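Here's the letter readout for the chains.
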Amino acid sequence: MQPELLVIMDPIEGIRIHKDSTFAMLLEAQARGWRLHYALQQDLFQTQGRTQVRSRPLKVRDDPAGWFELGEAASGPAERFAVILMRKDPPFDMDYIYTTYLLDQPAAAGSLVVNRPDTLRNANEKLAATRFPALCPPVLVAADAREINRFIDEQGDVILKPLDGMGGASIFRVGPQDPNRNVIIETLSRHGRRQLMAQRFIPEIREGDKRILVIDGEPVPHALARIPGEGETRGNLAAGGLGVGRELSERDREIVAQLAPWLRENGILFAGLDVIGDYLTEINITSPTCIRELDRIYSINIAGQLLDRIERKLAV
């Protein structure tokens, strides 16, 4: 009997299927005969300590004219699903955190939640990289403008970014002589009330911000280098970056090898590492992307590799 899979994601009618990694996973699961079910965060609820979900049967097809069909909604225990894909995109807000609390119960009851809900909650994508300082550029996390200004003066060329964003939103490059530096700090820190991240600018960004996909500690052998557009410092595809395929370098593999034990220990079956030059800058675990781009470039099936690993976990 094939597994039943629940996907928790953003509204499926709004995705762009040519680049949506969740959609690639759903296509692969359906091709294997898995029964798919769909829900939004607000479809989860809990009664008497048991998490329930109002979900709908889902069928998908790789057709931009119509890529999904939904059946009638029904409620029941979330633990009835062998696999739960938590694929809601950031921002990582309180609603997201509440969802991870609700998913703790089916995870404890035996559902394989990808990625594990307590780790989603505890491993902020920006801050997680700082667990490995030897792999990172000089970095500061602070809300105090004095500390941030001191870091800018010391490093000379700095990237400032919020801790809860995605897609290159609200990322600024700032130097000591920037006339807007104070207002940027005030805006990102909400006048000293919110922590932000400052990283030394890495000039190798011109060669691309590499997204390295990692499945249960093993890297996909090709990365997607997201190259900034003219006049940009952000390589994010959502910010107009150009995606180019690259073979993993020796340094890339070294970074993955150092992270692999931590990823496995914390139930992170699917991660997206961001690497610029020789430096790790982020560990993306909420809803990593770039599957479809790499599949097209290299004629591979990354979702298939992920589901192979999930099937092995289910068989244990």
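Please refer to the structure placed before this passage.
Please read these numbers as outputs of a predicted model, since none were measured by experiment.

Peer 1: Please explain the overall build of the chain as it appears in this structure.
Peer 2: Helix and strand counts for the chain come out as eight helices and 18 strands. Its C-alpha atoms give the chain a radius of gyration of 20 Å, within 12% of the compact-globule value 20 Å for 316 residues. Overall, the C-alpha framework of the chain stretches about 65 × 45 × 40 Å when taken along its three principal axes. Among the 316 residues that make up the chain, the fraction classed as buried is 52%. By sequence separation, contacts in the chain at least 24 residues apart represent 67% of the contacts at least 6 residues apart. Accessible surface computed for the chain: about 14300 Å², of which carbon and sulfur atoms make up 48%. Computing the positive centroid from 39 side-chain charges and the negative centroid from 44, the chain places the two 2 Å apart.

Peer 1: How should I be thinking about the packing of aromatic side chains in this particular structure?
Peer 2: Given two aromatic rings, one states the distance between the centres and the angle between the planes to describe the pair. Overall, the coordinates contain three aromatic pairs when judged by the stated rule. Seen in terms of ring centroids, Phe-132 and Trp-262 are 5.9 Å apart; in terms of plane orientation they differ by 80 degrees. Their pairing is edge-to-face. One end of the pair, Phe-132, is in the loop between α3 (117-122) and β9 (139-142); the other, Trp-262, is in helix α6 (residues 250-265), with 130 residues separating them in the sequence. Sitting over the ring of Phe-201, Arg-173 keeps its end group 3.7 Å from the ring centre.

Peer 1: Please clarify how the nonpolar core should be interpreted in this entry.
Peer 2: Across soluble globular proteins, you tend to see nonpolar side chains buried next to one another. Judged by nonpolar contacts, the single largest core of 36 residues is most densely connected at Leu-5 and Ile-310. Setting aside anything within four residues of it in sequence, one finds Leu-5 in contact with Leu-26, Ala-29, Trp-34, Arg-35, Leu-36, His-37, Phe-81, Val-83 and Leu-85. In terms of nonpolar packing, the next biggest core, distinct from the first, is built from 35 residues, Ala-78, Leu-135, Ile-268 and Val-275 among them.

Reading the values: the criteria
Per-chain numbering applies: the sequence of each chain, read as written, is numbered from 1 onward. Since the coordinates come from a predicted model, pLDDT governs what is reported: local features require at least 70, and pairs of side-chain atoms require 80 or more to be given and counted, while whole-chain, interface and lining totals use all residues. Side-chain metrics in this entry use all non-hydrogen atoms of the structure; hydrogen atoms and water are not considered. Per the convention used, a helix needs a DSSP run of H or I reaching at least four residues, while a strand needs a run of E reaching at least two, with both numbered from the N terminus. C-alpha atoms define the radius of gyration, and 2.2 Å times the number of residues to the power 0.38 defines the globule rule. Relative accessibility decides the category of a residue: with a 1.4 Å probe and only protein chains considered, values under 20% of the type maximum give buried, values over 50% give exposed, and everything between is partly exposed. We call two residues in contact when some of their heavy atoms are within 4.5 Å. Every accessible area reported is derived by Shrake-Rupley at a probe size of 1.4 Å, with residue values counting cover from the shown protein chains alone. Charged residues are defined here as Lys and Arg on the positive side and Asp and Glu on the negative side; His and the ends of the chain fall outside this count. Every charge is mapped onto a representative atom, which is NZ of Lys, CZ of Arg, CG of Asp or CD of Glu. Note on aromatic pairs: the rings of Phe, Tyr and Trp (six-membered ring only in Trp) are paired at centre separations within 6.5 Å, and the planes decide the class, stacked below 30 degrees, edge-to-face beyond 60, tilted for the rest. Distance and angle both matter: a charge sits over a ring if NZ of Lys or CZ of Arg is within 6 Å of the ring centre and within 35 degrees of the ring normal. Nonpolar cores were defined as sets of buried Ala, Val, Leu, Ile, Met, Phe, Trp, Tyr and Cys residues, with membership established by side-chain atoms within 4.5 Å.

Nothing here speaks to function; it is all geometry.
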